[in-house]
Amino acid sequence: MIKRSDFVHSAAPEPHRIRTKQILREFPELRNLIGKNPFTMVVILALVGSMIGVAWLVRDQSWWIVFAAAYLFGAFVNHALFVMIHECTHQLLFKNRLANRWAAIFANLPHIMPGAISFEKYHLKHHSFQGIHELDADLPNKWEAKLINNSFLGKTLWLLFFPLFQGTRVSRLKEINFFDGWVVVNILVQVAFTAAIWYFMGWHGVAFLFISFWFSIGLHPVGARWVQEHYLTFDSQQETNSYYGPLNLTAFNVGFHNEHHDFPSIPWNRLPEIKKTAPEYYDTLLYHTSWTKLFFRFLFEQEISLFNRIVRKERGKVSLTDESMPDIELVKADAAYAEETVV
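Since the structure is predicted, the reported quantities are computational estimates derived from the model, not experimental observations.

Caption draft 1: Seen up close, the pattern of salt bridges. Scanning the model with the defined rule gives 18 salt bridges in all. Measuring nitrogen to oxygen at the nearest pair gives 3.5 Å for the salt bridge that ties lysine 142 to aspartate 6. Linking lysine 142 in helix α6 (residues 142-148) with aspartate 6 in the segment before β1 (8-10), this pair joins segments that are 136 residues apart in sequence. Look at lysine 142 and you get partly exposed, because its relative accessible area is 37%. Salt bridges here are not isolated pairs; linked through shared partners, they connect Glu14, Arg17, Asp322 and Glu329.

Caption draft 2: Quick look at the packing of aromatic side chains. Taken as a whole and assessed by the stated rule, the structure comprises 23 aromatic pairs. Ring geometry for tyrosine 199 versus phenylalanine 200: centroids 5.0 Å apart, planes at 85°, classification edge-to-face. Pair check on accessibility: tyrosine 199 and phenylalanine 200 agree, each one exposed. An aromatic cluster is present here, built from Trp158, Phe162, Trp226, Tyr231 and Phe298 joined pairwise through their rings. Above the face of the tyrosine 231 ring, arginine 309 is positioned so that its terminal group lies 4.8 Å from the ring centre.

Caption draft 3: Spatial organisation of helix α7 (residues 152-160). Listed as buried for α7 are Gly154, Lys155, Thr156, Trp158 and Leu159. On its buried face, α7 is in contact with α6, α8 (162-167), α10 (225-230) and α14 (291-300).

Rules and cut-offs
Residues numbered from 1 in each chain as written. Predicted model: local features only at pLDDT ≥ 70, side-chain atom pairs only at ≥ 80, totals over all residues. Heavy atoms only, no water. Salt bridge = Lys/Arg side-chain N within 4 Å of Asp/Glu carboxyl O. Helix = DSSP H or I, 4+ residues; strand = E, 2+ residues; numbered from the N terminus. Buried < 20%, exposed > 50% of the residue type's maximum accessible area, 1.4 Å probe, protein only. Phe/Tyr/Trp six-rings, centres within 6.5 Å; stacked < 30°, edge-to-face > 60°. Lys NZ or Arg CZ within 6 Å of the ring centre and 35° of its normal. Contact = heavy atoms within 4.5 Å.

Keep in mind that these numbers describe shape and distance, not what the molecule does.
Written out as structure tokens, the structure is:
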């Protein structure tokens, strides 16, 4: 692996839609995994309840206990809640879009920062336009990559302030309308919840939730997930990497990232079945087994920088309004073709 001063430019379209088509043709039984998992709402209730419960427990404790509870417990739960918001974004809980959206807003509560609706706006574009710099918010800004470079200090600060860096990317994505009524609703609900936490649990309770949020996507082993998913940590070709390690238990299989991009309409509890059903497509791909190991690799290896990402201009004739459900689209297309053939 070499040190980079620019992103890796590709003329090829993103790889997942092609692989989805190949896998479905060879393993049509995977269609049975597509669907909703309303039980996820029970998980959300438990996770939100646990965060409120711990916030109550630390309300009168020393600040070092608040920080320790946030790093050792809250960060893991908050990260899991990001996964739940991710499930809601792909409408994998309920058939009704509004029900999924309200579930995401509820899962967002312990994060303090209102991000559920904006995540929906940008994450679906990440799926539809992976690597398109003006549409994929998962890609760092070029100035961001230059600023951080490949130094230990720079990458440490990047992880520590990752929420701020991620927020600066919005201005680059001019084709996406950021502000609407749902964003306002998300903000108002979040303000009301935070005010209630402050009223009943004081600043210690608010601080516990906010610090947990900050670590859950930053300077913490679970923060390595953002590096794992699409950074070129193995070679310059494979732009999506899965993680098969023990923290998938607390992260609800979010590590199965190649599987998720290939089949975004399959909920978290069924993602391992994709790999089991089509092992020849996934066992041949490089993958991570430890977020902690990757966390330190990212910090200390100079060959890994923010430039270790693939960018492209080829949009693959995908419309800006694409819902990012290529697996469902293929199933519907096959069904329509079969019906026409019978007729």
